[in-house]
Amino acid sequence: MQSIPMVLPHDVHNEALVSNVRPTDWQNPEPAPRYNLVVIGAGTAGLVTAAGAAGLGAKVALVERRLLGGDCLNVGCVPSKCIIRSSRVVADLRDANQFGIQVPQGMEVDFPAVMERMRRLRARISAHDSARRFKGLGVDVFLGEGKFSGPDTLEVAGKTLRFKKAVVATGTRPVHPTIDGLAEAGFLTNETVFSLTERSRRLAVIGGGPIGCELAQAFRRLGCEVTLFHNASHILNREDSDAAEIVQQSFLRDGIRLILNCKTKRVEKRNGSKIIHIECGEREDEIAVDEILAGAGRAPNVEGLNLEGVGVKYDKREGIEVNEHLQTTNPRIYAAGDICLKYKFTHTADATARMVIQNALFLGRKKQSALTIPWCTYTDPEIAHVGMYERDAQEKGIAVNTFIRPLNDVDRAIADGEEEGFVKIHVKKGTDKILGATIVARHAGEMLGEITLAIVGNLGLGTLANVIHTYPTQAEAIKQAADAYNRTRLTPFIKGLFTRWLAWRR
Ligand SMILES: Cc1cc2nc3c(=O)[nH]c(=O)nc-3n(C[C@H](O)[C@H](O)[C@H](O)COP(=O)(O)OP(=O)(O)OC[C@H]3O[C@@H](n4cnc5c(N)ncnc54)[C@H](O)[C@@H]3O)c2cc1C
């Protein structure tokens with residue numbers, strides 16, 4: 001068996017985590033003569049595929065080289081959301097006087113305790129992804145590196161698994177930025193940052209996408225001096241600029257130093273600091289930090305699988321090539337999750353895993369293009385989005401009507417002191433067909449579900465206007481946007497008819 005990956009620090013919580021997702025005493029089973037499905041990678045995509053297929057009666061092998069649970073549980077969604085929660089407490093205490101609460105001077109963040117809380121909760125959540133649980137579900141769990149060895153065989157830890165169908169769900173890893181001197185100076189990624197037990201006084205975050213932004217804000221609120229480097233004119237530049245601008249202003253209020261549109265030239269170590277040399281147009285500057293966190297994109301785990309040998313096409317940057325049905329260029333082999341998707345989220349890994357079960361095992365013809373994919377960046381406030389942006393509609397030549405409700409007009413948001421943000425909904429011009437929406441709000445991710453449901457269920461914005469929302473809630477902003485749509489249906493002609501009818505009824 002491969003050496004056990006390090007999960008640091010050594011403490012009871014990480015021991016509990018490892019005992020669930022990489023038990024030290026794990027014995028790989030004797031392989032079955034042939035599997036309906038061999039799944040490589042036990043992140044969300046692999047776990048959901050394996051559990052779902054086994055539940056339907058398939059003989060399934062699940063192969064994992066590191067930790068079951070993959071990125072999401074171990075070094076992604078779960079630990080990041082735990083520390084984000086702690087960081088929100090800091091912001092609430094900081095702003096407490098706006099709510100009439102005086103917090104005694106000297107509020108302190110106990111950074112080691114924040115990280116310990118994260119490890120404790122992560123260990124608790126890891127029970128869902130445990131090797132023993134999956135064994136109990138009837139899945140043969142193999143710990144070790146999987147590699148295709150023939151058209152219907154995979155090798156793992158000296159054993160050969162024969163399959164009818166296989167699924168590659170090997171996910172991604174952080175891209176290491178190619179900045180001179182960075183590797184020598186040393187840097188953190190999402191794979192190592194959650195092992196911190198001491199706070200870095202000065203932290204540089206490279207990358208102003210969702211991962212970089214979530215972590216930059218969390219660590220700033222937890223007491224690091226954070227400098228965020230992003231090579232565009234504003235952070236989160238895939239989102240609409242009006243949405244990203246709200247988050248950017250919140251970052252500035254938090255005291256994050258933003259370095260936008262500059263070139264990171266090189267890094268050097270000097271007097272115990274890491275010096276980042278930047279070039280901003282004509283101007284050159286240097287910024288001294290103690291630690292650097294790279295959140296600069298994801299690279300697919302395509303190496304070492306012998307994909308060439310089994311005719312599976314891939315690209316080193318984009319991942320495995322799949323058709324609409326998530327089938328690779330080898331019809332026996334499918335892919336799911338981050339390894340093959342443009343939208344790399346836990347919920348898309350889950351959704352595509354379910355699709356693969358049907359398509360690979362039951363002659364299903366489910367199409368990935370039929371998926372409606374929402375997402376959320378868990379900054380404060382959050383930005384959540386589903387469907388088209390206005391620019392997407394423009395590119396496709398679709399005319400839209402847009403309805404926006406600012407949160408500073410919504411009673412609950414005012415009462416909550418959470419007025420920054422909006423609900424923006426695009427419909428196809430002249431109809432109530434919802435094409436897309438962006439929500440900026442403290443809990444935008446929770447609010448977006450209603451609009452996603454409307455799109456999936458083909459319910460128009462007019463229907464959302466008929467939904468009674470409990471008062472007062474921030475989600476009323478959605479209804480108010482829908483009411484605004486309804487008002488556009490009151491054309492002067494119809495209003496004229498109403499006026500005459502009512503005059504006649506007086
Ligand atoms: C910091 C951070 C925060 C995130 N937050 C969110 C969030 O809030 N919401 C959200 O939806 N998404 C979030 N994501 C993204 C989410 O983690 C991924 O989309 C999700 O984990 C993808 O699941 P997956 O199964 O495709 O891949 P992974 O989780 O990467 O799992 C792939 C598994 O395959 C294994 N593997 C690779 N090669 C082999 C091999 N040859 N043999 C055996 N095993 C192999 C790997 O060890 C790994 O365990 C976040 C990501 C990061 C980094």
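Residues numbered from 1 in each chain as written. Predicted model: local features only at pLDDT ≥ 70, side-chain atom pairs only at ≥ 80, totals over all residues. Heavy atoms only, no water.

K.L.:
Can you break down the overall build of the protein chain residue by residue, with the values?
P.N.:
Helix and strand counts for the protein chain stand at 16 helices and 23 strands. Scored against the burial criterion, the 506 residues of the protein chain give a buried share of 52%. If you take every contact in the protein chain between residues at least 6 apart in sequence, the share linking residues at least 24 apart comes to 64%. Of the roughly 24,100 Å² of accessible surface on the protein chain, 51% is carried by carbon and sulfur atoms. Looking at charge distribution, the protein chain has the averaged site of its 65 positive side-chain charges lying 6 Å from that of its 59 negative ones. (Helix = DSSP H or I, 4+ residues; strand = E, 2+ residues; numbered from the N terminus. Buried < 20%, exposed > 50% of the residue type's maximum accessible area, 1.4 Å probe, protein only. Contact = heavy atoms within 4.5 Å. Areas by Shrake-Rupley, 256 points an atom, 1.4 Å probe, with all protein chains shown as cover. Lys, Arg positive; Asp, Glu negative; His and termini not counted. Charge placed at Lys NZ, Arg CZ, Asp CG, Glu CD.)

K.L.:
Give me the lowdown on helix α2 (residues 44-55), citing residues and values where you can.
P.N.:
Under the 1.5 Å per step criterion, the end-to-end length of α2 is 16 Å for twelve residues, consistent within 8% with the ideal 16 Å. α2 sits mainly inside the fold: nine of its twelve residues count as buried. Within α2, burial applies to Thr44, Ala45, Gly46, Leu47, Val48, Thr49, Ala50, Ala53 and Ala54. One or two positions beyond α2, positive phi appears at Gly57, with a value near 100°. (Expected span 1.5 Å × (residues − 1).)

K.L.:
Outline the packing of helix α8 (residues 210-221) against helix α9 (residues 241-254), supporting the account with residue identities and numerical values.
P.N.:
Two elements in contact, α8 and α9, have axes whose closest approach is 10 Å; the angle formed by their N-to-C orientations is 25°. Classified by the angle their axes make, α8 and α9 are roughly parallel. α8 and α9 meet at a crossing whose hand is left-handed. Residues Cys213, Gln217, Arg220 and Arg221 of α8 pack against Ser250, Phe251 and Asp254 of α9. Its residues assigned to classes, the contact of α8 with α9 shows two nonpolar, two polar and three charged. (Axes fitted to C-alpha atoms, helices over the stretch in contact; angles between N-to-C directions. Parallel < 35°, antiparallel > 145°, perpendicular 65-115°, else oblique. Left-handed = near helix turned anticlockwise from the far one by under 90°. Nonpolar A, V, L, I, M, F, W, Y, C, P; charged D, E, K, R; others polar.)

K.L.:
Kindly report on the environment of Asn401, identifying the contributing residues and their values.
P.N.:
Mapped onto the secondary structure, Asn401 falls in strand β21 (residues 400-406). Considered as a pair, Asn401 and Ile425 are 24 residues apart in the sequence and their alpha carbons are 8.4 Å apart. Those residues in contact with Asn401 that lie beyond four places of it in its chain are Ile425, His426, Val427, Lys428, Lys429 and Gly430.

K.L.:
Outline the sheet that holds strand β11 (residues 263-270), listing residues and values.
P.N.:
The pairing of strands in a sheet comes from backbone hydrogen bonds and takes either a parallel or an antiparallel form. Spatially, the three strands line up as an open sheet ordered β11-β12-β13, and their pairing is antiparallel. Edge positions in the sheet fall to β11 and β13 (283-289), since each has one partner strand and no second. Direction aside, the axes of adjacent strands within the sheet are offset by 20° on average. Sheet topology note: the β11/strand β12 (residues 273-280) ladder contains seven bridges and is antiparallel. Pairing of Arg270 across the sheet is with Ser273, part of β12. (Pairing = 2+ DSSP bridges.)

K.L.:
I'd like a description of the packing of aromatic side chains, backed by residues and values.
P.N.:
The tally for this structure, following the rule as stated, stands at seven aromatic pairs. The interplanar angle of 20° and the centroid separation of 5.0 Å between the aromatic rings of Tyr343 and Trp375 together place this pair among those described as stacked. In this pair, Tyr343 sits in the loop between β18 (333-335) and α10 (346-361) while Trp375 sits in strand β19 (residues 374-377), placing the two residues 32 residues apart along the sequence. For the ring pair Phe345 and Trp375, a centre distance of 5.8 Å and an interplane angle of 15° mean the geometry is stacked. You can see Phe345 sitting in the loop between β18 and α10 and its partner Trp375 sitting in strand β19, a full 30 residues away along the chain. Judged by relative accessible area, Phe345 falls into the partly exposed class, the value being 22%. The ring of Trp26 has Lys135 sitting right over it, with the charged end atom 5.9 Å from the ring centre. We note Arg391 situated over the ring of Tyr389; from NZ or CZ to the ring centre the distance is 4.2 Å. (Phe/Tyr/Trp six-rings, centres within 6.5 Å; stacked < 30°, edge-to-face > 60°. Lys NZ or Arg CZ within 6 Å of the ring centre and 35° of its normal.)

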